[in-house]
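# Structural overview for review
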Amino acid sequence: MEIRVGTAAAAAAAMLFALLLSPAAAAETTCSGIVPMRSRSEVISIEEFGAVGDGRTLNTWSFRKAIYRIQHLRRQGGTLLHVPRGVWLTGNFNLTSHMTLFLARGAVIKATQDTEKWPLAEPLPSYGRGRERPGGRYASFIQGYGLVDVIVTGENGTIDGQGGVWWNMWNQRTLKFTRPHLLEFLHSTYIHISNVILKNSPFWNIHPVYSSNVVIRSVTVLAPHDSPNTDGIDPDSCSNVCIEDCFISTGDDLVAVKSGWDEYGIAYGRPCSDIIIRRVTGSSPFSGIAIGSEASGGVENILVENINIYSTGIGIHIKTNTGRGGFIRNVTISQVYMNRVGKGLRIAGDVGDHPDENFNLNALPKVDGVTIRNVWGVEVQQPGSIEGIKASPFTRICLSNVRLWGVGGRKEMWQCGAVSGTAVGVQPWPCAELTTTSTVFCNG
Ligand SMILES: *[C@@H]1O[C@H](CO)[C@@H](O)[C@H](O)[C@H]1NC(C)=O
Ligand SMILES: *[C@@H]1O[C@H](CO)[C@@H](O)[C@H](O)[C@H]1NC(C)=O
Ligand SMILES: *[C@@H]1O[C@H](CO)[C@@H](O)[C@H](O)[C@H]1NC(C)=O
């Protein structure tokens, strides 16, 4: 990025702008090292399996046959399944290892709305039950289980969940089981998702769980702001996940880092660690960047930078609860720009419900080592709150250069409790619990 300026003041302003919005240094940093993009030695088209892209023909067997073929006639270097321009209606299907699902420009893979015939899947062990209904859950629309080396990419074709029927069932309380995710990987590694549009997921959009080495870049995720629980990207009990250059506008958290629910998550004990989230832009009635509230397996080593949030409920939201157990530690969030948010920052120990009555009230989460720096917000209704748990106060919370401007010059106060840490260069002035002295423990 080239900055040409006349005066020192303009230079300083340009530097600040560059720092906040698109630093030249960070623009060079990408996820590509974690899961490189690769080409395939064989290309097949969904049309070879009898699929018809007219938006009406149900192509479930074509997708399943094509993937069965890739799985059982393995080619060295893997196979690309090409989905051409057209609207390809289908029921849910599973991916297989060493494949690329390629959505050409104008290709739409559209989920059937036949919820009656939608297959069920086991609940996730770290949740003990479906997230919204007891028992199992509806299988995800496109799923990978126990896979290695899978790419979902193309020319910004669309995966459309047609979630409306599911949102209605949720709104009318007629759901029998937990709604399907749009794209889910379980127990998988070397997963690369790029240059696709995900639209109208019945539930969370992209859900990598118990997986490692996952790259999600240049992805667009869209769902109406009033669609229930349509989280954008939720890395859950995963390690080495890199999310970058995404635009997300949904009805729930844009990105939420998770690791299981209460006693089930504690027993399963698989943390979410080494997660990078950078250059994400978006809008939601709930949170921009969230950690939790399901974090019972622990969440650590999280790096979030260059985030642009507008018209959103809570900019940065770290949430946990009594009975949750686990930990949230070594989190660094920097270069965040917010415009029109209800609350800039919230770190809270009383968020989210419990799976059942068997959670352990003595399972207290530990929140330690959270650094939030270089945050710039305008039209922020409330700066925020940091309210720990009395029996397990939040420690080493570090705010530095956090500037949040109210609406119409109105000055709201921070709310704090059961927290210790520091604050330097915070506007409006934060609560007395955060001291202005030693910053030696701040991350990074
Ligand atoms: C997809 O994979 C899961 C897990 O291996 C399996 O239970 C399910 O039957 C598969 N679904 C289809 C449609 O093949
Ligand atoms: C797809 O969209 C992304 C933005 O998310 C853009 O950077 C990229 O150039 C587009 N790719 C194509 C092939 O149109
Ligand atoms: C904290 O997390 C960062 C990644 O965000 C990592 O580089 C660093 O090693 C971690 N620190 C500790 C003490 O684990």
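- As named in an unreviewed UniProt entry, the protein is Polygalacturonase, taken from Platanthera zijinensis.
- Of the protein, the UniProt comment under Sequence similarities (unreviewed entry) reads exactly: "Belongs to the glycosyl hydrolase 28 family."

### Here's the deal with the state of the cysteines
- Taken as a whole, this structure holds 3 disulfides when the rule is applied.
- The disulfide partner of Cys-398 is Cys-442, and the gap between their sulfur atoms is 1.9 Å. Taking the sign of the S-S torsion, about 90° here, the bridge from Cys-398 to Cys-442 comes out right-handed. Residue Cys-398 is located in strand β26 (residues 394-404), and its partner Cys-442 is located in the segment after β29 (434-435); the two are separated by 44 residues in the primary sequence.
- In this structure Cys-442 comes out as buried when scored by relative accessible area, which is 16%.
- Between the sulfur atoms of Cys-416 and its disulfide partner Cys-431 the distance amounts to 1.6 Å. Separated by 15 residues along the polypeptide, Cys-416 in strand β27 (residues 415-417) and Cys-431 in the loop between β28 (419-427) and β29 bring together distant segments of the chain.
- Residue class for Cys-431 comes out buried when judged on its relative accessible area of 11%.
- Take the cysteines of the protein that form disulfides and number them in order along the sequence; they join up as 1-2, 3-6, 4-5.

### As for the pattern of salt bridges
- Within the structure shown, the criterion is met by 21 salt bridges.
- Taking the shortest distance from any N to any O, the salt bridge between Lys-319 and Asp-253 comes out at 2.6 Å. You can see Lys-319 sitting in strand β23 (residues 299-319) and its partner Asp-253 sitting in the loop between β19 (239-249) and β20 (255-257), a full 66 residues away along the chain. No difference in accessibility class separates Lys-319 from Asp-253, as the two residues are buried.
- A salt bridge links Glu-305 to Arg-278, with the nearest nitrogen and oxygen atoms 3.4 Å apart. With Glu-305 in strand β23 and Arg-278 in strand β21 (residues 272-283), this pair connects stretches of sequence that are 27 residues apart. Neither residue differs from the other here; Glu-305 and Arg-278 are each classed as buried.

### Examining the pairing of strand β25 (residues 366-387)
- One ladder, built from 17 bridges, connects strand β24 (residues 327-348) with β25; its direction is parallel. From the neighbouring strand, Ile-333 faces β25, where its bridge partner is Ile-372.
- Of the pairings in the sheet, the one linking β25 to β26 comprises 8 bridges and is parallel in character. Across the sheet, Val-370 pairs through a bridge with Ile-397, a residue of β26.
- Direction of pairing for β25 relative to β27: parallel, over a ladder of 3 bridges. Residue pairing for β27: Glu-387 is matched across the bridge by Gly-417.

### Focus: the site of ligand 1
- Around ligand 1, the neighbouring residues are Arg-64, Asn-94, Gln-143 and Tyr-145.
- Here Asn-94 contributes a side-chain N or O atom positioned 2.3 Å from an oxygen atom of ligand 1.
- For ligand 1, whose unbound accessible area comes to 360 Å², protein coverage reaches 43%.
- When its residues are assigned to classes, the shell around ligand 1 shows 1 nonpolar, 2 polar and 1 charged.

### Comments concerning the sheet that holds strand β10 (residues 142-145)
- Ordered by their spatial adjacency, 4 strands build an open sheet running β5-β10-β13-β16, and the pairing between neighbours is parallel. Single-partner strands in this sheet number two, and they are β5 (93-94) and β16 (206-209).
- Bridge analysis of strand β13 (residues 183-186) against β16 gives 4 bridges, and the strand direction is parallel. Note on β16: the bridge partner recorded for Glu-184 is His-207.

Analysis parameters
- Residues numbered from 1 in each chain as written.
- Chains lettered and ligands numbered in written order.
- Predicted model: local features only at pLDDT ≥ 70, side-chain atom pairs only at ≥ 80, totals over all residues.
- Heavy atoms only, no water.
- UniProt positions renumbered as here; feature names shortened; annotations may be inferred.
- Disulfide = S-S within 2.5 Å.
- Helix = DSSP H or I, 4+ residues; strand = E, 2+ residues; numbered from the N terminus.
- Buried < 20%, exposed > 50% of the residue type's maximum accessible area, 1.4 Å probe, protein only.
- Salt bridge = Lys/Arg side-chain N within 4 Å of Asp/Glu carboxyl O.
- Pairing = 2+ DSSP bridges.
- Near = heavy atom within 4 Å.
- Polar contact = N/O pair within 3.5 Å; in protein donor to acceptor, adjacent residues only side chain to side chain.
- Areas by Shrake-Rupley, 256 points an atom, 1.4 Å probe, with all protein chains shown as cover.
- Nonpolar A, V, L, I, M, F, W, Y, C, P; charged D, E, K, R; others polar.

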